[in-house]
Amino acid sequence: MFDIQEIRSQFTILNREVNGKPLVYLDNAATSQKPNSVLEVWNQYYTDLNANVHRGIHTLSQLATEEMELSRRKIQKFINAKHDFEVIFTKGTTEGLNLIAYILTQKLKKDDEIIISYLEHHSNIVPWQLLCERTGAKLRVIPIDENGILQLDYLDQFLSEKTKVVSVNQVSNALGIVNPIEEIIAKTRKNSNAYVVIDGAQSAPHFTIDVQKLNCDFFVFSGHKMYAPMGTGILYGKQEILEELPPFHGGGEMIATCSFDGTTYAGLPFKYEAGTPNVGGNIALGAAVDFMEKIGRQNIQNHENALLEYAQRKLLELENIKIYGEKAKRTGVVSFNLVGVGISSDVGMILDKMGIAVRTGHHCTQPIMNFFNIAGTVRASFAVYNTFEEIDKLVEGVKKAQKMLG
Ligand code: C6P
């Protein structure tokens, strides 16, 4: 039974007002709100358990270690990884992607190729550009059509023995387009020996993820977009690949032995977890997984898709509105502009005065904005706690903006 009021009651922040109006929070693709269960786990860690992990034989350290490792196993199950040590704690998707691009340095040489797509967030573009600078490799970019759909014919053309990495997102943050990653992975496997990297920042909060079924080499996502605290994230990598590749950061925790003659590295996952981790955050990420599993990921997705359907229909009843991206291929995001209103932030400011939080601008995806020849869009993005009444308020707000700016 999907009880939206019961779900909302778990988010204290949803009761607050903004600019004298009840908060309508529609900026979930930027970060979601956190349920009380997650906040309690986080708070309890600092009030009752705080100690460094994997280091002490004292009780608190052992308890904290057990809690964090329990959380790792919850996340293993959440993405269906084969082993818990394939789950690496990071501080978010950006760190995960930079880590992968860094540890692949020795695997690439001049004129090798890395394939990404036009739909990528800057954090799935810039780390690869940096890798190209380090190695002389080249970036190839799968184009999109006017509906924001990837032109996979180009992937067929691009793939060759030169291809060393294919890195794409599962869901575009700017448009909400769901990319056919199963097909992309199958094509890549058939026509190259490339590493496959999936940016799951916008899919993990909404979809059931099965990394074994996907058969990707890496899968990264952020905790803060799926009801967990900021500064948390996950890098999944296949055991044999993580074992073979070098470490990222050097420091405490990632060594087996260290002397001035040389250092040997710890086994997985610790080889990739140098330094004191975000213990409270990582434990709270496990609580966020519990929160999502309790509702059921299919229920979350069904609700968010119903919201998207409704928002799309209501917004299109208005005149002079342009929504970007093919409707049938989208999830959780409606990205639009008012025809004749060049500056999306003007719309965002009017909505904010009505208590409605949306994101405006380029959404860290300037290539997409350049493709559509726009500076930015207004983006409303949904989470499990949003309601149809909130969409009505958004539509009222957009009408008001049209009157004021038109
Ligand atoms: N997108 C948005 O408002 P971090 O910042 O490391 O948690 O996630 C980076 C990132 C990577 N890939 C995709 C597809 C993303 O959507 C994001 C974050 C936010 O759309 C903040 S820019």
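Parameters and conventions
- Residues numbered from 1 in each chain as written.
- Predicted model: local features only at pLDDT ≥ 70, side-chain atom pairs only at ≥ 80, totals over all residues.
- Heavy atoms only, no water.
- Near = heavy atom within 4 Å.
- Polar contact = N/O pair within 3.5 Å; in protein donor to acceptor, adjacent residues only side chain to side chain.
- Areas by Shrake-Rupley, 256 points an atom, 1.4 Å probe, with all protein chains shown as cover.
- Nonpolar A, V, L, I, M, F, W, Y, C, P; charged D, E, K, R; others polar.
- Salt bridge = Lys/Arg side-chain N within 4 Å of Asp/Glu carboxyl O.
- Helix = DSSP H or I, 4+ residues; strand = E, 2+ residues; numbered from the N terminus.
- Buried < 20%, exposed > 50% of the residue type's maximum accessible area, 1.4 Å probe, protein only.
- 1 Å grid on protein atoms, 1.4 Å probe; cavity = no way out; pocket = protein on both sides within 12 Å on 5 of 7 lines; lining within 4 Å.
- Points joined across faces, edges and corners; volume = space filled by probe spheres on them.
- Domains from an automatic or database assignment.
- Pairing = 2+ DSSP bridges.
- Axes fitted to C-alpha atoms, helices over the stretch in contact; angles between N-to-C directions.
- Phe/Tyr/Trp six-rings, centres within 6.5 Å; stacked < 30°, edge-to-face > 60°.
- Lys NZ or Arg CZ within 6 Å of the ring centre and 35° of its normal.
- Contact = heavy atoms within 4.5 Å.

S.K.: Give a description of the site of the ligand that names residues and reports values.
M.R.: Among the 16 residues in the neighbourhood of the ligand, the closest are listed as Thr94, Asp199, Gln202, Ser222 and Arg359. Contact between the ligand and glutamine 202: an oxygen atom at 2.7 Å from a side-chain N or O atom of the residue. The side chain of arginine 359 places a nitrogen or oxygen atom 2.5 Å from an oxygen atom of the ligand. Its free accessible area being 500 Å², the ligand has 88% of it covered by the protein chains. Residues of the shell around the ligand, tallied by class, amount to four nonpolar, eight polar and four charged.

S.K.: Go over the pattern of salt bridges with me, naming the residues and quoting the values.
M.R.: The final tally for this structure, using the stated rule, is 18 salt bridges. Glutamate 390 is paired through a salt bridge with arginine 8; the nearest N and O atoms lie 3.4 Å apart. Pair noted here: glutamate 390 is in helix 14 (residues 388–405) and arginine 8 is in helix 1 (residues 4–8), with a separation of 382 residues, a long-range link. For glutamate 390, a relative accessible area of 5% puts it in the buried group. Residue lysine 164 is joined to aspartate 112 by a salt bridge in which the shortest nitrogen-to-oxygen separation is 3.0 Å. Remark: aspartate 112 occurs in the loop between helix 4 (93–103) and strand 5 (113–117) and lysine 164 occurs in strand 7 (residues 163–169); sequence separation between them is 52 residues. Of the two residues examined, lysine 164 and aspartate 112, each falls in the buried class. The network of salt bridges with common partners includes Glu69, Arg72 and Glu273.

S.K.: Can you explain empty space enclosed by the protein? Please cite residues and give values.
M.R.: Counted under the stated rule, the structure contains one cavity of 30 Å³ or more. When its volume is computed, the largest cavity comes out at roughly 100 Å³. Along the wall of the largest cavity there are 16 residues; nearest its centre are Asn28, Ala29, Gln202, His206 and Phe382. Residue classes in the lining of the largest cavity are distributed as seven nonpolar, seven polar and two charged. Both domains that meet at the lining of the largest cavity, namely domain 1 (4–30 + 297–405) and domain 2 (39–293), each give it at least three residues.

S.K.: Explain the sheet that holds strand 4 (residues 87–90) to me, using residue names and the numbers behind them.
M.R.: Strands pair in a sheet through their backbones, by hydrogen bonds, and they do so in one of two ways: parallel or antiparallel. Spatially, seven strands are ordered 4-10-9-8-7-5-6 in an open sheet, and the strand pairing comes out mixed. Lying at the two open borders of the sheet, with one neighbouring strand each, are strand 4 and strand 6 (138–142). Strand after strand, the sheet turns through a mean of 20° between neighbouring axes, direction not considered.

S.K.: How would you summarise the packing of aromatic side chains if you had to cite specific residues and measurements?
M.R.: Taken as a whole, this structure holds 16 aromatic pairs when the rule is applied. Arranged with centres 5.1 Å apart and planes meeting at 90°, the rings of phenylalanine 371 and phenylalanine 372 form a pair that is edge-to-face. Grouped by ring-pair contacts, the aromatic residues Phe11, Tyr227, Phe291 and Tyr385 constitute a single cluster. We note arginine 297 situated over the ring of phenylalanine 78; from NZ or CZ to the ring centre the distance is 3.9 Å.

S.K.: Tell me about the pairing of strand 9 (residues 218–222), residues and numbers included.
M.R.: Counted residue by residue, strand 9 has five buried out of five residues, so it is predominantly covered. Neither face of strand 9 is left uncovered, since the one carrying Phe218, Val220 and Ser222 and the one carrying Phe219 and Phe221 both have all their residues buried. In this structure, strand 8 (residues 195–199) lies alongside strand 9, joined through three bridges in parallel fashion. Its bridge partner being in strand 9, valine 197 is matched across the sheet by phenylalanine 218.

S.K.: Provide a residue-level description of the environment of glycine 342, including the pertinent values.
M.R.: With respect to the element layout, glycine 342 can be found in the loop between strand 14 (333–338) and helix 12 (344–353). What makes glycine 342 exposed here is its relative accessible area of 62%. Taking the C-alpha atoms as reference points, glycine 342 and asparagine 124, separated by 218 residues in sequence, lie 27 Å from one another.

S.K.: Explain the environment of alanine 375 residue by residue, including any values.
M.R.: Along the chain, alanine 375 falls in the loop between helix 13 (366–372) and strand 17 (377–381). A C-alpha to C-alpha distance of 7.7 Å links alanine 375 and glycine 342, two positions 33 residues apart in sequence. Excluding anything up to four places from it in sequence, alanine 375 contacts Gly361, His362 and Met369.

S.K.: Run through the sheet that holds strand 13 (residues 321–323), naming residues and quoting values.
M.R.: On the basis of which strands lie adjacent, the open sheet formed by four strands has the order 13-14-17-16 and antiparallel pairing. Unpaired on one side and paired on the other, strand 13 and strand 16 (359–361) mark the two borders of the sheet. Across this sheet, the average inter-strand angle for adjacent strands is 30°, counted without regard to direction. Two elements, strand 16 and strand 17, share three bridges in a ladder whose sense is antiparallel. Opposite arginine 359, over in strand 17, you have arginine 379 as the bridge partner. Contacts from helix 11 (residues 297–317) reach strand 13 and strand 14, with the element oriented near 15° to strand 14.

Note that every value here comes from positions in space, so none of it alone points to a role or purpose.
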